[in-house]
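Report on the structure
Take a look at the letters that make up each chain.
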Amino acid sequence: CIGLASHVLRMIHGNDMPPEYPGLKKERIAVVCRDESGYAKSPMSIGVATTIRSMIAQKLPKATVIPQGEIDRWTLDTTDQNEILREVGSGTKADLVIAVEISNLKLKDGKTMYRGNCNIDVNAYDVAKGEIVFTKSFDEFVYPQTAAISQTEMDEAKFQRLYMLMVGERVGQLFVPSPIGSDV
């Protein structure tokens, strides 16, 4: 039954599933990410935002992705998310601001194993309308899902980069077409 559904989806959509938020086409897009350290203050938040921007740039060539350096000028003065969305949107002349908030981040499963776990809240803010037009939450985004990775196989910095990439890819899939079955 699952195989049949997969074939039907491929016939309709090709090899890519449409994004949950289909509104991105040729807009000017800003991506901001915040974790416990604040907006763009940690390698985790910078890495997640970079992954999302890269996915949008690759999959939606007509879209303009605003560079992190331009966004940084507008995220340093406040921690209020609504104010950040307005400031970044108007300051960078973005059409849409994608805001990702990562909370309750844990990288370890016990003392000797790595398994990333966090909560993710995603909002897309339409600057012209002045409102949030898309919201998605992931409670307990876990990677890897099946078996944790031993600390003897990988150091913590490398695992953090891997987990950050998985978080970024999962969020990016909300906004761009992605291969069927690729959701992390």
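Everything that follows concerns the structure shown earlier in this document.
Since we're looking at a predicted model, the values are computed, not measured.

Looking at the nonpolar core
One finds Ile56, Ile98 and Phe175 to be the most contacted residues of the largest nonpolar core, which totals 37 residues. Going through the elements one at a time, strand S2 (28-35), helix H2 (43-59), strand S5 (96-108), strand S6 (113-126), strand S7 (131-143) and helix H5 (156-172) are the ones with two or more residues in this core. Once residues lying within four places of it in the same chain are set aside, the contact partners of Ile98 are Leu24, Ile29, Ala30, Val31, Val32, Ile56, Val122, Asn123 and Phe175.

Thoughts on the pattern of salt bridges
Inspection of the entire model under this criterion finds 5 salt bridges. Where Glu70 meets Arg28, a salt bridge forms, and the shortest distance between an N and an O atom there is 2.9 Å. A residue pair is termed long-range when its members are at least 10 positions apart, and Glu70 in helix H3 (residues 68-75) and Arg28 in strand S2 qualify at 42 residues.

Some details on the environment of Ala57
Relative to the helices and strands, Ala57 is located in helix H2. Since its relative accessible area comes to 42%, Ala57 is described here as partly exposed. Counting along the chain gives 119 residues from Ala57 to Val176, while the straight-line C-alpha distance between them is 9.6 Å.

Brief notes about the pairing of S7
Of the pairings in the sheet, the one linking S6 to S7 comprises 10 bridges and is antiparallel in character. Bridge pairing in S7 links Asp126 to Glu131. The antiparallel pairing of S6 with S7 creates a hairpin that spans 4 residues between the two strands, and Gly130 there sits at a positive phi of about 70 degrees.

Parameters and conventions
Here the residue index of a chain counts from 1 through its sequence in written order. Residue-level local features of this predicted model are given only where pLDDT is at least 70; pairs of side-chain atoms are given and counted only at 80 or more, and the full residue set underlies all totals for whole chains, interfaces and linings. Values shown for side chains rest on all heavy atoms present in the structure; no hydrogens or waters enter the calculation. Within this scheme, the nonpolar core is defined by two criteria: the residues are buried Ala, Val, Leu, Ile, Met, Phe, Trp, Tyr or Cys, and they are joined through side-chain atoms within 4.5 Å. Only protein chains enter the area calculation, which uses a 1.4 Å probe; residues under 20% of their type maximum are buried, those over 50% are exposed, and those in between are partly exposed. Helix and strand assignments come from DSSP, with helices taken as H or I runs of at least 4 residues and strands as E runs of at least 2, each series counted from the N terminus. Residue contacts follow a heavy-atom distance rule, with two residues in contact if any of their heavy atoms lie within 4.5 Å. Criterion for a salt bridge: a side-chain nitrogen of Lys or Arg within 4 Å of a carboxyl oxygen of Asp or Glu. Here a strand pair is declared whenever DSSP counts at least two bridges between the two strands.

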